[in-house]
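Here's the letter readout for the chains.
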Amino acid sequence: MPAGEFRHPSPPPPPPGSEEEERWVWAQIKAEARRDAEAEPALASYLYSTILSHSSLERSLSFHLGNKLCSSTLLSTLLYDLFLNIFSTDATLRSATVADLRAARFRDPACVSFSHCLLNYKGFLACQAHRVAHKLWTQSRRPLALALQSRISDVFSVDIHPAAKIGKGILFDHATGVVVGETAVIGNNVSILHHVTLGGTGKSGGDRHPKIGDGVLIGAGATILGNIKIGDGAKIGAGSVVLIDVPPRTTAILILCSVILLLNRALTILFGV
Ligand SMILES: CC(=O)SCCNC(=O)CCNC(=O)[C@H](O)C(C)(C)COP(=O)(O)OP(=O)(O)OC[C@H]1O[C@@H](n2cnc3c(N)ncnc32)[C@H](O)[C@@H]1OP(=O)(O)O
Ligand SMILES: N[C@@H](CO)C(=O)O
């Protein structure tokens, strides 16, 4: 910049959750795609068909999800229409999508841009498709919701029951092998790494899956079983097995849980209790 020239700083992003933010994120995504297409001509046609040819985030996302999840018997055009119809009529879903994009962009140091998340994060894509499956479930379109769950699991290796309730601002990082059961509830601003199970113990029916509070971090390979509560802001260490409530803002790691289990087993062996 020549000496003395003053460049205005870029304006701060609009407030989270606003419609203005939705437009701002979409404008960022298009600018990123234009920049990447120019820098890497091999990706130009891909970026045109997935992002630059679309007039809105929901159209781009519906097109991308339709292509990812289609099969020889479940056509991409059918899926595109299904996704677009639901995203364009449900402002809550669109706002959750934007919050999820923000979660990846600002909570994952490996996420270089919004478009990187939109195109390449299978945890993000699985979560958006799950939101549609969940909506279908609540509308009693259960066979279609279950067919979608099956395709999401086939394509992304993320198996979320369509009845599971998931908040917004969710980061499913890497996401391979994530399993979320039917009666699980996940709050807002939760980060979940790969190979996490929110499962039942196998000993009870009905409401049998974990309830995860707001702002929780669940490390890679953690297994959380039963209708237990993980309090707001808690952290579950990678590789932990958690069978009891975890209070808000506390950290649970494998060693703590294993000690409890070993103690229990020792008491059973020694005293038969
Ligand atoms: C490609 C990739 O990078 S994939 C990313 C995979 N990474 C993850 O899944 C991260 C998940 N995060 C963790 O497991 C973290 O270690 C956390 C959340 C448990 C750390 O929580 P904090 O409350 O900050 O705990 P802090 O780091 O102070 O550790 C406390 C103690 O627990 C131990 N500890 C930390 N994590 C674990 C774990 N997963 N299992 C067992 N012990 C652990 C620490 O060594 C420390 O022990 P010390 O007190 O004897 O020194
Ligand atoms: N995405 C996270 C974990 O792999 C990071 O880059 O730190």
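Not measured: the values here are computed from a predicted model. (Residues numbered from 1 in each chain as written. Chains lettered and ligands numbered in written order. Predicted model: local features only at pLDDT ≥ 70, side-chain atom pairs only at ≥ 80, totals over all residues. Heavy atoms only, no water.)

Draft legend 1. Representation of the sheet that holds strand β8 (residues 211-212). One open sheet accounts for four strands, arranged β2-β5-β8-β11; its pairing is parallel. The sheet is open, and its two edges are formed by β2 (165-166) and β11 (229-230), each paired on a single side. (Pairing = 2+ DSSP bridges. Helix = DSSP H or I, 4+ residues; strand = E, 2+ residues; numbered from the N terminus.)

Draft legend 2. Inspection of the pattern of salt bridges at higher detail. Enumeration over the complete set of coordinates arrives at eight salt bridges. Salt-bridge contacts for R35 lead to D36; the nearest nitrogen and oxygen are separated by 3.0 Å. Since its relative accessible area comes to 49%, R35 is described here as partly exposed. (Salt bridge = Lys/Arg side-chain N within 4 Å of Asp/Glu carboxyl O. Buried < 20%, exposed > 50% of the residue type's maximum accessible area, 1.4 Å probe, protein only.)

Draft legend 3. Layout of a nonpolar patch on the surface. Among the surface-exposed residues, V241, L243, I244 and L254 lie close enough to one another that they form a single nonpolar patch of about 290 Å² accessible area. Inspection of the secondary structure puts I244 in the loop between β13 (241-242) and β14 (251-252). (Patch = residues over 30% accessible without salt bridge, like charges linked within 9 Å, V, L, I, M, F, W, Y side chains within 5 Å. Areas by Shrake-Rupley, 256 points an atom, 1.4 Å probe, with all protein chains shown as cover.)

Draft legend 4. The arrangement of the site of ligand 1 in detail. Residues in contact with ligand 1, as listed here, are H174, L193, H194, L217, G219, A220, K235, G237, A238, T251 and I253. A220 has a polar backbone atom sitting 2.7 Å from an oxygen atom of ligand 1. Take A238: an N or O atom from its main chain is 2.9 Å from an oxygen atom of ligand 1. Isolated, ligand 1 exposes 970 Å² of accessible area, and the fraction of that covered by the protein chains is 39%. Of the residues that constitute the shell around ligand 1, the class distribution is five nonpolar, five polar and one charged. (Near = heavy atom within 4 Å. Polar contact = N/O pair within 3.5 Å; in protein donor to acceptor, adjacent residues only side chain to side chain. Nonpolar A, V, L, I, M, F, W, Y, C, P; charged D, E, K, R; others polar.)

Draft legend 5. Examining the site of ligand 2 more closely. All residues in the neighbourhood of ligand 2 are listed as D108, P109, A110, D173 and H174. For ligand 2, an oxygen atom lies 2.7 Å from a polar atom in the side chain of H174. Coverage of ligand 2 by the protein chains reaches 57% of its 230 Å² of free accessible surface. Here the residues of the shell around ligand 2 sort into two nonpolar, one polar and two charged.

Draft legend 6. Examining the nonpolar core more closely. Judged by nonpolar contacts, the single largest core of 70 residues is most densely connected at F172, I186, I218 and I230. Looking at this core element by element, the count peaks at nine residues for helix α7 (residues 122-138). Each residue touching F172, except ones within four places of it in the same chain, is listed here: G123, F124, C127, I160, I166, V178, I186 and I192. (Core = buried A, V, L, I, M, F, W, Y, C linked by side-chain atoms within 4.5 Å. Contact = heavy atoms within 4.5 Å.)

Draft legend 7. Seen up close, the sheet that holds strand β7 (residues 197-199). Strands sit in the order β1-β4-β7-β10-β13 across an open sheet of five strands; the sheet is parallel. Looking at which strands have only one partner, the edges of the open sheet turn out to be β1 (158-160) and β13. Sheet topology places β7 next to strand β10 (residues 223-225); three bridges connect them, and they run parallel. The residue of β10 that forms the bridge with T197 is T223.

Draft legend 8. Region of the structure containing the UniProt feature "domain: Serine acetyltransferase N-terminal" (unreviewed entry) in the protein. The positions that UniProt labels "domain: Serine acetyltransferase N-terminal" (unreviewed entry) are, in the present scheme, residues 25-129. Between the C-alpha atoms that bound residues 25-129 there is a distance of 19 Å. The span itself is 79% helix and 0% strand. (UniProt positions renumbered as here; feature names shortened; annotations may be inferred.)

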